[in-house]
4 protein chains.
Amino acid sequence: MKKIGILTSGGDCQGLNAAIRGVAKALYEEFGSDVEIYGIRDGYRGLIEGDFHRMHPEDFSGILTLGGTILGTSRQPFKLMKSAAEGSETTKLEKMKDTYSKMGLDCLVVLGGNGTHKTANLLSEEGLNVVSLPKTIDNDLWGTDMTFGFQSAVDIATHVLDCIHTTATSHGRVFIVEIMGHKVGWLTLHAGIAGGADVILIPEIPYDITKIVQTLEQRNQAGKGFSILAVAEGAISKAESKMSKKEFKAARAAMAEPSISYRLAKEIGELTGQEIRVTVPGHFQRGGSPCAYDRVLSTRFGAAAARLIQEKKYGNMVALQNNRIVAVPLSEVAGKLKAVPTDCDTIQSARDIGVSFGD
Amino acid sequence: MKKIGILTSGGDCQGLNAAIRGVAKALYEEFGSDVEIYGIRDGYRGLIEGDFHRMHPEDFSGILTLGGTILGTSRQPFKLMKSAAEGSETTKLEKMKDTYSKMGLDCLVVLGGNGTHKTANLLSEEGLNVVSLPKTIDNDLWGTDMTFGFQSAVDIATHVLDCIHTTATSHGRVFIVEIMGHKVGWLTLHAGIAGGADVILIPEIPYDITKIVQTLEQRNQAGKGFSILAVAEGAISKAESKMSKKEFKAARAAMAEPSISYRLAKEIGELTGQEIRVTVPGHFQRGGSPCAYDRVLSTRFGAAAARLIQEKKYGNMVALQNNRIVAVPLSEVAGKLKAVPTDCDTIQSARDIGVSFGD
Amino acid sequence: MKKIGILTSGGDCQGLNAAIRGVAKALYEEFGSDVEIYGIRDGYRGLIEGDFHRMHPEDFSGILTLGGTILGTSRQPFKLMKSAAEGSETTKLEKMKDTYSKMGLDCLVVLGGNGTHKTANLLSEEGLNVVSLPKTIDNDLWGTDMTFGFQSAVDIATHVLDCIHTTATSHGRVFIVEIMGHKVGWLTLHAGIAGGADVILIPEIPYDITKIVQTLEQRNQAGKGFSILAVAEGAISKAESKMSKKEFKAARAAMAEPSISYRLAKEIGELTGQEIRVTVPGHFQRGGSPCAYDRVLSTRFGAAAARLIQEKKYGNMVALQNNRIVAVPLSEVAGKLKAVPTDCDTIQSARDIGVSFGD
Amino acid sequence: MKKIGILTSGGDCQGLNAAIRGVAKALYEEFGSDVEIYGIRDGYRGLIEGDFHRMHPEDFSGILTLGGTILGTSRQPFKLMKSAAEGSETTKLEKMKDTYSKMGLDCLVVLGGNGTHKTANLLSEEGLNVVSLPKTIDNDLWGTDMTFGFQSAVDIATHVLDCIHTTATSHGRVFIVEIMGHKVGWLTLHAGIAGGADVILIPEIPYDITKIVQTLEQRNQAGKGFSILAVAEGAISKAESKMSKKEFKAARAAMAEPSISYRLAKEIGELTGQEIRVTVPGHFQRGGSPCAYDRVLSTRFGAAAARLIQEKKYGNMVALQNNRIVAVPLSEVAGKLKAVPTDCDTIQSARDIGVSFGD
């Protein structure tokens, strides 16, 4: 009898249920009644606290299109529960190992992003059998060309930009759409191009406010009274990019506006005399039914994870590399970030058609 | 030869182009080559400044599905341009009459919301032939059961709520979605019900923060760890509802948060100890292609406006009353607001299924 | 203790689950633990065979957005099961009464269309307490201005027309889109207008093929190389409209093509020398998540049904009349059909902007 | 002065306008007023007949989201116009060369699929400077991992499957959804997985009707009363796969049903006693606004084509290989077909989760 535990951890995204379904269906097809699948509630919290339940084939039926995660999720345990009262990091690690061993698991399947994979690697180093799947709307996981959730979030952010476009042109206004992504700009880059943004600001390319204003003025002179800026949550100015981490944190803490978009709106407004509108779709970008692309990717990742379990190739994350599904050691993934290469073809193409990156 | 001018004024919304197309196609069908249609740029600004252009049948082709307005729009002239330098109200009125008379118009077709209709009525009182169409995502125009734009905005706000739902349930979080509507709650009410919101706050029903918190706690006790609040931009507390207009303005001016949703998030957060997330879809709600409902309504309104012109029934707004298209005198429309009746069946039904209005 | 049974019958449509949820939530809010709700499987089949199950509040959670019906559905029992072996009509009626009485129901809530309401009325006449809700994408139920499902189906059919539009214009082709509706043309009329169809054929207005060809030729001469026909499944020619019912059935039985659209394509093709493409979205039109409009309507209908139960006003269908929710006696609804009035404003408006109805 | 001609040929698809915009914007950015762009009407027809027009920057504005092609398109010239009266193949080739040379083009940019690329290669061999972009919803162009249009079509077909799902489950019915693709199964495979189809039939894997029926019966026995088959237009039975081309053509010509789906419905119906419903979304699948993925891809391809022109690297198709944009010689592309490898991971994953390919 194979006993498999599954958990989803970190911010939710589209495709989690599709991936869970993929893992489960492939396991049931492979092992039939020789496998038991256990759902662990709310990510690592459930592993720490022993909160899990036996699941059955019907639990995985009809969830392909469902947003969110049927298993619940929570933030990283080491970040959220630091107090001695709740248990130190070591204690929590011990508790997770305890639960794993009490459950008698053959493998723990983990679906998550960067934080999740750090913990997954730690568990693997501690001797647990772990197989993981790369989920995040940020597409910033090292080792895979693509994460599920990303393309669905691009669709939503693009839809927002499309709608803003019609109102921007009708009024001749300047709009900022703030797109998710604190550390990397994949989502903003792709949605920005797909949504026809005139300016795209991403963390990887610090901006110069005067360059942005210049672009807006050139558009005005060309008779285009409106402009749309796709701005990543993590966009930074050139000045900020030269600060130490400490200085930067202090600067942002002192910032009066709730986010970079509002600050940009104020600055551009002062420099151009125009009123700049801000739209913050926020968590909307990570919700709802996964797009077809993500459903196929999630299903492939899920089936691949089941194959790794069948072959006992533990300690790996399933990944997409050059259109092929591969296994990447957790130790190679953990702690790394896949930022947008500033010389990539996608950025080059955007520049080629006249998009400004504010640099 | 009939000469007809068309302008769109105030905030844009879905269905403007569909309505423009309806007017134009019906005029061309009725009068053939005996009608000339002129597009007036950017609402009343174009009428004041004499900025217009002759249009042709092909200009109205393929715009049924197009968001925004091909004529451009601008805010109310009397509000935006008050300085003596730019021209006093009287002067601007004279300029509009001048342009109308220089153009030799038989009728001016005006598409707009409440502000627009005040001016339309003024122009009508000054002797101009005016026919108007009710557009606004707010559905707050007196005299019509429905305005175009409303249902499309409901669709978008509902989609946002749907997506927030999946992330809210996965994380067990409380979310506030801020929905457009400073003065009336139609949009928030309908999207709130359609999106399954647990709490709906609208300007017509002042809220009591303790009642809201109570609802959230009851949900927690019932094992529902998440809650979604659909909050109109114009939501007000019971305390605020008792203030004088002056006091209220002062209170809001002193408010640290950018909008009521952020203030609510802070207050609820403090009372419950939970972190409350805020999503502000903003102008996204008024952009993009009109939904099927709005396209049909816009087309009917457009054709009805052409009929009024053909019958020389000037000084009227086309309207929907009990599923029938009627003409309502501009004088009856101007200056009134259609708020949500707090005892209406829609609110009652929402209460019946357990939705809290925070009262 | 109140005992309430619910069933959905006839072709499924969007909004059934939203309505079921509305009924149930309102009953639980009103009666708390003093109500028991029973789901009857697959429409009247479940009532005949005694196939039902106790449901609980959590069963009605999260179904607002879900397409189809969680209760299952089946065609009318009197139509489908005529053989003596299966039971005559009388026997089945007795079986339904038996189940109702064995279940000890206070009221049976029925969601369905025209066929369903005939049976509902029969049951009511036999002394059962029945309350019904009008569902159908056809909007052909007598006594209500609107049924839920209709607007969602309009959205889908309009989307199909939108997409066909771009390919039709690119290729300069003539397309027929076959839209659901065997007896009435509401869906085709609304989707046709919303999707910018050039020709709309509905059962209420028999067509003349030469008139259709004339419209296509006029468009060609005006330089519009493409045309789109929105054709109801139940469209009929003028010649057919003069046939006796028997003659018509024979004529259609002898028809080589699988549906009227294919016949029209052939006929128009022969008369114009152009190749005509046919698209048949079929059951696609009745599936998927209900649109916001239908969710609000379903919720209102659901809450209204619960109010009727609370007030013991049995023998009624909840309905929308002039924007108000009313109760209409089942005896008035049963056996009637709400066809599109050929002189209604919507048809007039379509004609006004140049749409041909082939007459 | 650079003179560039652009044409779109073959069946239209989503992303054509986005790609045209990409080419044009990148050319204007690169060459400014030193480039003239000419639109050639309706594909090669316009090149043969000298039907072209000078275009300007504003012509390429606002078309990113637009379905279809602003240039019009037509089927392959060599296929459509074979009569001596119209001109033999050689004559038409000469006419195309004539137009090219009269226009004084530096390069002809061609957007199309397999047929289009054969002609493009021919023109290139005749000494014309040609650069091409791979468009098709079929994704069957050799030399590129992905064509634009494909992902948008997957989205639409998946949406159809999603909606059919809710009606299929409600009624316990078997549905066939016929998906575009006469020669290859990429679209059916991806939409089938994304839409949760139980059976996927593609041209690359001939089916055995008894295997399909077996799958349906197993599902019935497992209590799943409904099943969904995603069937490519070009699906063939095992018996048919062993026929000579001539025999196959004769067999299909003798087929009573309008398409393979209807034949399958009849056959399965006879074998199972169940009524099988067929949905044929048809050209709907290639219309409407491109999805975000296709917009990004189209933009990248467009910018890459402009780079090839700038570098005078003629005779190439831009392509995506392992996430990188490359140039592939037309001679390598022409006449080849990229079928789905039957041992690819996507098919394997589908099998892993229990999808039947009818083999």
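Looking at an unreviewed UniProt entry, one finds chain A named ATP-dependent 6-phosphofructokinase and attributed to Candidatus Gallacutalibacter pullicola. Looking at the Pathway (unreviewed entry) heading of the UniProt record, one finds this comment for chain A: "Carbohydrate degradation; glycolysis; D-glyceraldehyde 3-phosphate and glycerone phosphate from D-glucose: step 3/4." You can read under Cofactor (unreviewed entry) in the UniProt record for chain A the words "Mg(2+)".

(A) Region of interest: the overall build of chain A. The helix and strand inventory of chain A stands at 14 helices and 12 strands. For 359 residues, the compact-globule estimate of 2.2 N^0.38 gives 21 Å, and the C-alpha radius of gyration of chain A, at 22 Å, lies within 12% of that figure. Each principal axis of the C-alpha atoms in chain A carries an extent, and together these give about 70 × 45 × 30 Å. Residue pairs in contact within chain A that sit at least 24 positions apart in sequence constitute 74% of those at least 6 positions apart. As displayed, chain A has an accessible area near 12,600 Å², and 49% of this comes from carbon and sulfur atoms.

(B) A look at a positive patch on the surface. On the surface, a cluster of positive charge is made up of A:Lys118, A:Lys183, A:Lys245 and A:Lys249. On the secondary structure map, A:Lys249 appears in helix 10 (residues 245-253).

(C) Main features of the sheet that holds strand 8 (residues 199-201) of chain B. Residues and elements named next belong to chain B. Taking strand neighbours across the sheet as the criterion, the 4 strands line up as 8-9-7-10 in an open arrangement whose pairing is parallel. The outermost strands of the open sheet, each flanked by one partner alone, are strand 8 and strand 10 (276-279). Pairs of neighbouring strands in the sheet enclose a mean axial angle of 20°, with direction left out of account. Sheet topology places strand 7 (residues 174-179) next to strand 10; 4 bridges connect them, and they run parallel. Paired with Phe175 across the bridge in strand 10 is Arg277. Each of strand 7, strand 9 (227-232) and strand 10 is contacted by helix 6 (residues 150-171), which is oriented at about 170° to strand 7, the strand it contacts most. Its contacts with the sheet place helix 11 (residues 260-272) against strand 7, strand 8, strand 9 and strand 10, and it is angled at close to 170° to strand 10.

(D) Focus on the interface of chain D and chain A. Listed as interface residues are 39 residues of chain D and, on the opposing side, 39 residues of chain A. Connecting chain D to chain A are 8 salt bridges. Residue D:Arg300 pairs with A:Asp345 through a salt bridge whose shortest N-O separation is 2.8 Å. Seen at the junction of chain D and chain A, the total is 14 residue pairs in polar contact (both at pLDDT 80 or more). Within the residue set of the side of chain D that touches chain A, elements represented by two or more residues are helix 1 (16-31), helix 6 (150-171), helix 7 (186-194), helix 12 (292-310), strand 12 (324-329) and helix 14 (345-352) of chain D. Broken down by element, the side of chain D that touches chain A gets its largest block of residues, 8 residues, from helix 12 of chain D. The class makeup of the residues in the side of chain D that touches chain A is 11 nonpolar, 15 polar and 13 charged.

(E) Quick peek at the sheet that holds strand 9 (residues 227-232) of chain A. Residues and elements named next belong to chain A. The parallel open sheet is built from 4 strands, whose spatial order is 8-9-7-10. Because the sheet does not close on itself, it has two edges, and the strands there are strand 8 (199-201) and strand 10 (276-279). Sheet twist, expressed as the average angle between the axes of neighbouring strands with direction ignored, equals 20°. Where helix 6 (residues 150-171) meets the sheet, it contacts strand 7 (174-179), strand 9 and strand 10, and its direction lies at approximately 170° from that of strand 7.

(F) Structural view of the relation of the copies chain D and chain A. Least-squares fitting of chain D to chain A yields an RMSD of 0.0 Å, with the transformation described by 0.0 Å of translation along the axis and a rotation of 180°. As the rotation angle and translation indicate, the two copies are arranged about a two-fold axis. No C-alpha of chain D approaches the rotation axis more nearly than that of D:Asn322, which lies at 2.2 Å.

(G) Quick look at the relation of the copies chain A and chain B. Least-squares fitting of chain A to chain B yields an RMSD of 0.0 Å, with the superposition described by an axial translation of 0.0 Å and a rotation of 180°. Most of the interface of chain A is mirrored in chain B, where 100% of its interface residues again form contacts.

(H) Focus on the pattern of salt bridges. Residue and element names in this part refer to chain C. Applying the stated criterion to the full structure yields 80 salt bridges over all chains. The salt bridge involving Asp198 is made with Arg219; its shortest N-O contact spans 2.8 Å. Residue Asp198 is located in the loop between helix 7 (186-194) and strand 8 (199-201), and its partner Arg219 is located in helix 8 (residues 209-221); the two are separated by 21 residues in the primary sequence. In this structure, Asp198 and Arg219 share a single accessibility class: buried.

(I) Highlighting the arrangement of the chains. You won't find any contact between chain A and chain C; their C-alpha atoms come no closer than 10 Å. The least C-alpha distance between chain B and chain D, which are not in contact, is 10 Å.

(J) Unusual backbone geometry, seen in detail. If you check the backbone angles, B:Asn322 has positive phi at about 50° while not being a glycine. Following the sequence through the fold, B:Asn322 ends up in the loop between strand 11 (316-321) and strand 12 (324-329). With a relative accessible area of 30%, B:Asn322 lands in the partly exposed category. You will see that C:Asn323, though not glycine, has its phi angle at about 70°, which is positive. Here C:Asn323 is to be found in the loop between strand 11 (316-321) and strand 12 (324-329).

(K) Focus on the interface of chain A and chain B. Listed by partner, the interface residues are 31 residues for chain A and 31 residues for chain B. Three residues, A:Ser170, A:His283 and A:Phe284, lead the burial of chain A against chain B; their summed loss comes to 26% of the area buried on that side. Across the contact surface, chain A and chain B share 0 salt bridges. Linking chain A with chain B are 11 residue pairs in polar contact (both at pLDDT 80 or more). Secondary structure elements with two or more residues in the side of chain A that touches chain B: helix 6 and strand 10 of chain A.

(L) Representation of the packing of helix 7 (residues 186-194) of chain B against helix 14 (residues 345-352) of chain B in the model. Residue and element names in this part refer to chain B. Closest axis-to-axis distance for the helix 7/helix 14 pair is 11 Å, and the angle between their directions is 35°. You can see that helix 7 and helix 14 cross each other, and the crossing is left-handed. Touching Leu189, His190 and Ile193 of helix 7 are Thr346, Ile347 and Ala350, all from helix 14.

(M) Structural view of the packing of aromatic side chains. All names here are of chain B. Enumeration according to the criterion identifies 16 aromatic pairs over all chains in this entry. An angle of 55° between the planes, with centres 6.1 Å apart, marks the rings of Tyr28 and Phe60 as tilted. A residue pair is termed long-range when its members are at least 10 positions apart, and Tyr28 in helix 1 (residues 16-31) and Phe60 in the loop between strand 3 (52-55) and helix 3 (77-80) qualify at 32 residues. Judged on exposure class, the residue Tyr28 and its partner Phe60 are both buried. Taking the centre distance of 6.2 Å and the plane angle of 80° together, the rings of Tyr38 and Phe52 count as edge-to-face.

Reading the values: rules and limits
Residues take numbers from 1 onward in each chain, read along the sequence in its written order. Labels are handed out in written order, letters beginning with A for the chains and numbers beginning with 1 for the ligands. With pLDDT at 70 or above as the cut-off, local features in this predicted model cover only qualifying residues; side-chain atom pairs require 80 or more to be listed or tallied, and sums for whole chains, interfaces and linings still use all residues. Calculation of side-chain values draws on the structure's entire complement of heavy atoms; hydrogens and water are dropped beforehand. UniProt positions are given in the numbering used here, feature names are shortened, and annotations may be inferred rather than shown by experiment. Secondary structure is summarised from DSSP: a helix means a run of H or I of at least four residues, a strand means a run of E of at least two, and numbering begins at the N terminus for each. Our radius of gyration looks at C-alpha atoms and nothing else; its globule reference is 2.2 Å times the residue count to the power 0.38. Contact between two residues is taken to exist if any of their heavy atoms lie within 4.5 Å; hydrogens are not considered. We get accessible surface area from the Shrake-Rupley algorithm with a probe of 1.4 Å; when it comes to residues, only the shown protein chains can shield them. Patch membership is restricted to residues that have no salt bridge and whose relative accessible area is over 30%. Joining uses 9 Å for like charges and 5 Å for the nonpolar side chains Val, Leu, Ile, Met, Phe, Trp and Tyr. In what follows, salt bridge is the name for a side-chain nitrogen of Lys or Arg lying within 4 Å of a carboxyl oxygen of Asp or Glu. A residue counts as positive if it is Lys or Arg and as negative if it is Asp or Glu; His and the chain ends are not included. Taken as the charge location is NZ of Lys, CZ of Arg, CG of Asp or CD of Glu. We call two strands paired when DSSP finds no fewer than two bridges between them. Every axis corresponds to a line fitted to the C-alpha atoms, with the helix fit spanning only the stretch in contact, and the corresponding angles, defined between N-to-C directions, vary from 0 to 180 degrees. Within 3.5 Å is the distance limit for a polar contact, defined as a pair of N or O atoms, with the added protein rule that one can donate a hydrogen and the other accept it, and that residues adjacent in sequence qualify only through two side-chain atoms. Three residue categories are used. Nonpolar comprises Ala, Val, Leu, Ile, Met, Phe, Trp, Tyr, Cys and Pro, charged comprises Asp, Glu, Lys and Arg, and polar comprises the others, including Gly. Least squares is the method for superposing the copies, and the C-alpha atoms it fits come from residues with pLDDT of at least 70 in both. In this scheme, a residue with accessible area under 20% of its type's maximum is buried, one over 50% is exposed, and one in between is partly exposed, where area comes from a 1.4 Å probe on protein chains only. Buried area: the accessible surface (1.4 Å probe) lost by two parts on joining, summed over both. Left-handed is the label given to a crossing in which the near helix is rotated counterclockwise from the far helix by less than a right angle, and right-handed is the label when the rotation is clockwise. Two aromatic rings, drawn from Phe, Tyr or Trp (for Trp, its six-membered ring), form a pair once their centres lie within 6.5 Å of each other, and the interplanar angle then sorts them: stacked below 30 degrees, edge-to-face above 60, tilted otherwise.

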